[in-house]
Amino acid sequence: AELLGEHPRMKPVVVREVERFLFRPGLKPKARYAGVVFLTQVVLSRRREEGGPELAERLVQTYVTLFGLLMRDADRELAQARRRAKAPPAKPSKHGPGKKQKQRRQQQRGPGGPQAGKAEAQQGPERPQEAQVDS
């Protein structure tokens, strides 16, 4: 924003480049957010050499387009989540339970994992300790 304060005639060029950045494929949401925050800080002017009303119109079009893309992406994610919720559970593999299934079972068993129960079974029931007699 300091650049545009010192060189206001650069506003149209900088806005165009930030727009190109915002619409790059695969751009992370955090980077897109930073670009939008930058655009919201551009001080608009009526002077033609600083972009004038055309720059303001371009910014509004950019915001509306971004909003439409975000809504489209959100709709896709919602549809995928609904499909996953309706999908039948995965069939077990011929080769035994997968890694995720094993992890889930281990979490359900609690601390110590599957070996904890086996160790107790091998030791047998606890016996009370015999009192020592001094002679």
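Residues numbered from 1 in each chain as written. Predicted model: local features only at pLDDT ≥ 70, side-chain atom pairs only at ≥ 80, totals over all residues. Heavy atoms only, no water.

K.L.:
Any chance you could explain the overall build of the protein here in plain terms?
P.N.:
Helix and strand content of the protein: six helices and zero strands. The order of helices and strands in the protein, counted from the N terminus, is α-α-α-α-α-α. Of the contacts made within the protein by residues no fewer than 6 positions apart, 55% connect residues no fewer than 24 positions apart. Within the structure as shown, the protein displays about 12100 Å² of accessible surface, and the carbon and sulfur contribution to it stands at 54%. (Helix = DSSP H or I, 4+ residues; strand = E, 2+ residues; numbered from the N terminus. Contact = heavy atoms within 4.5 Å. Areas by Shrake-Rupley, 256 points an atom, 1.4 Å probe, with all protein chains shown as cover.)

K.L.:
Just to check I follow, could you spell out the environment of V18 for this structure?
P.N.:
Here V18 lies in helix 2 (residues 11–22). Here V18 falls in the buried class, since its relative accessible area comes to 14%. A sequence separation of 20 residues divides V18 from F38, and the C-alpha atoms of the two residues are 8.5 Å apart. Dropping the residues within four chain positions of it, V18 is found in contact with G35, F38 and L39. (Buried < 20%, exposed > 50% of the residue type's maximum accessible area, 1.4 Å probe, protein only.)

K.L.:
Looking at this structure, I do not really get helix 2. What am I missing?
P.N.:
For the α-helix, the turn length of 3.6 residues means that residues three or four positions removed from each other point alike. Compared with an ideal rise of 1.5 Å per residue, which puts twelve residues at 16 Å, helix 2 spans 16 Å between its outermost C-alpha atoms and is within 8% of the ideal. For helix 2, the set of buried residues is K11, V14, V15, V18, E19 and L22. For helix 2, the angular spread of the buried residues around the axis is 140°, confining them to a single face. Next to the buried residues of helix 2 lie helix 1 (2–6), helix 3 (29–40) and helix 4 (52–86). (Expected span 1.5 Å × (residues − 1). Arc of directions from axis to C-beta.)

K.L.:
What am I meant to see in the layout of surface pockets here?
P.N.:
Which parts of space are left empty comes out when a probe the size of a water molecule is rolled across the atoms. Its boundaries defined by the atoms lining it, the largest pocket holds a volume of some 220 Å³. Lining of the largest pocket is provided by L27, P29, R32, Y33, V36, Y63, L66, F67, L70, D73 and E77. Secondary-structure elements contributing two or more residues to the lining of the largest pocket are helix 3 and helix 4. Looking at the lining of the largest pocket, the element that brings in the most residues is helix 4, giving six residues. (1 Å grid on protein atoms, 1.4 Å probe; cavity = no way out; pocket = protein on both sides within 12 Å on 5 of 7 lines; lining within 4 Å. Points joined across faces, edges and corners; volume = space filled by probe spheres on them.)

K.L.:
Would you explain the nonpolar core in this entry?
P.N.:
Among soluble globular proteins, nonpolar side chains are generally buried collectively. Counting residues in each nonpolar core, the largest one holds ten residues, listed as L4, V14, V15, V18, L22, L39, V42, L55, L59 and L66. Contributing elements (two or more residues each) for this core: helix 2 and helix 4. Per-element accounting of this core gives the leading share, four residues, to helix 2. Setting aside residues no more than four positions away along its own chain, V15 makes contact with L39, V42, L55 and L59. (Core = buried A, V, L, I, M, F, W, Y, C linked by side-chain atoms within 4.5 Å.)

K.L.:
Sorry if this is basic, but what is going on with the pattern of salt bridges here?
P.N.:
Oppositely charged side chains are able to pair whenever their charged atoms sit close together. Scanning all chains against the criterion turns up seven salt bridges. Ionic pairing is found between E50 and K11, a salt bridge with its closest N-O pair at 3.4 Å. Residue E50 is located in the loop between helix 3 and helix 4, and its partner K11 is located in helix 2; the two are separated by 39 residues in the primary sequence. Exposure remark for E50: the relative accessible area of 7% places this residue in the buried category. According to the relative accessible area criterion, K11 is buried, its value standing at 5%. We note a salt bridge from E54 to R48, for which the minimum N-O separation is 2.4 Å. A network of salt bridges, in which partner residues are shared, links K11, R47 and E50. (Salt bridge = Lys/Arg side-chain N within 4 Å of Asp/Glu carboxyl O.)

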